[in-house]
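Descriptive structure summary
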Amino acid sequence: SQAAKKDPAIADALSKAGVSYKQSSLVRYSYLGSNTLNSGNGTWAEGFGAIDPEFVTDVSDGSMVKFTIGGNECYGITFGSWKGGIALMYVDAVSLKPVGPDGAELDAPADTVEGAYGTLVGGGYGAAYEVSQIIYNKNTGYYYLFVSMGDLNNDYRVGMGRSKDVTGPYIDAGGKNMKFDKPWLSADFHAVGSKIIGAYQLKNELGWRCQGGQSIMRTDDGKIIFACHSRTNFQPGYYFYLQIHQMFFTSDGWPVLNMNEYYNDYDGKDEQL
């Protein structure tokens, strides 16, 4: 909306698309379509859980990844939680309205097109996954799904898997699919997803634990940065600290983090280990 105020061309495009931004409608697009559960007073749509939205970006150059859905140019967004899993949905690149499988833009709450409200890419069946983010790296040719998982004050950590296709399957380094297809598997969610960061303590230093809530981005000077919150072993559990680490990719295309704190005077760019 700020860009529209500064650029008449953007304002005109949004006006033609019927976009006013008077209210957020993306949260309405968090349903599994016709998959309903009995609530006691009728039925309700089983939702993914409309939290932690994140656009799909290419960390090799910092750009937004564009997808063509039914002839419509779109961006990808991830969101979701333990409720129904992690979802990928597409939104129009101009209006940011969700689009259906045929590429048509949708308006809440009237449109209920099956499959328009997200494709399950990770978690499901109550697996404690949240804070999803998909990044792409054109230098490796993979999409990477990151999720925070577990109990915030106990075993919270970040896991990931990769795929050649944005809709998956996302496979971790051990060959396991990050999407669950049976209810009993969700109880073992910590066994799935390569650990990109978790509790640690370096010699003669204070320890850190329960890292999560991650955001991955590329800086103006070409570094890939992983930011997350962390608890400690020297403060009560309700204290959170910001941690920032630099990300690299191995020669076979897996992301790794420097466990030391990030300092911006390091000039490493796009390094492979």
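See the structure printed just above.
The shown structure was predicted, so the numbers you read here are calculated from the model rather than taken from an experiment. (Residues numbered from 1 in each chain as written. Predicted model: local features only at pLDDT ≥ 70, side-chain atom pairs only at ≥ 80, totals over all residues. Heavy atoms only, no water.)

Some thoughts on the overall build of the chain
Scanning the chain from terminus to terminus reveals 2 helices and 17 strands. When burial is assessed residue by residue, the chain has 44% of its 273 residues classed as buried. Long-range pairs, those at least 24 residues apart, make up 50% of the contacts in the chain between residues at least 6 apart in sequence. Roughly 13,900 Å² of accessible area belongs to the chain as shown, and the carbon and sulfur atoms make up 51% of that amount. (Helix = DSSP H or I, 4+ residues; strand = E, 2+ residues; numbered from the N terminus. Buried < 20%, exposed > 50% of the residue type's maximum accessible area, 1.4 Å probe, protein only. Contact = heavy atoms within 4.5 Å. Areas by Shrake-Rupley, 256 points an atom, 1.4 Å probe, with all protein chains shown as cover.)

Some points on the packing of aromatic side chains
All told, the structure shown has 12 aromatic pairs when counted by the stated rule. Residues Tyr-136 and Tyr-143 carry aromatic rings whose centres are separated by 4.5 Å and whose planes lie at 35° to one another, so their mutual orientation is tilted. Here Tyr-136 and Tyr-143 have matching classes, each one buried. Aromatic ring contacts, followed pair by pair, group Phe-67, Tyr-90, Tyr-136 and Tyr-143 into a single cluster. When the ring centre of Tyr-142 is taken as origin, the NZ or CZ atom of Arg-162, which lies over that ring, is 3.9 Å away. Over the ring of Tyr-142 we find Lys-164; its NZ or CZ atom is 4.2 Å from the centre of that ring. (Phe/Tyr/Trp six-rings, centres within 6.5 Å; stacked < 30°, edge-to-face > 60°. Lys NZ or Arg CZ within 6 Å of the ring centre and 35° of its normal.)

Describing the sheet that holds strand β17 (residues 255-257)
By way of backbone hydrogen bonds, the strands of a sheet pair with one another, either parallel or antiparallel. If you walk across this open sheet you meet the 4 strands as β14-β15-β16-β17, and the pairing is antiparallel. Sheet topology places β14 (208-218) and β17 at the edges, where each strand pairs with a single neighbour. Strand-to-strand twist in this sheet, taken as the mean axis angle between neighbours without regard to direction, amounts to 35°. Across 3 bridges, strand β16 (residues 241-249) lies against β17 in antiparallel orientation. Pairing of Met-247 across the sheet is with Leu-257, part of β17. (Pairing = 2+ DSSP bridges. Axes fitted to C-alpha atoms, helices over the stretch in contact; angles between N-to-C directions.)

Side note on the pairing of strand β12 (residues 157-163)
Among the 7 residues in β12, 7 count as buried, and that is most of the element. Of the two faces of β12, the one holding Arg-157, Gly-159, Gly-161 and Ser-163 and the one holding Val-158, Met-160 and Arg-162 are both buried throughout. Sheet analysis places strand β11 (residues 142-149) next to β12, joined by 7 bridges and oriented antiparallel. Following the sheet pairing, Val-147 is matched in β12 by Gly-159. In the sheet, β12 pairs with strand β13 (residues 194-197) via 3 bridges, with the strands oriented antiparallel. Looking at the pairing, Met-160 lines up with Ser-194 of β13.

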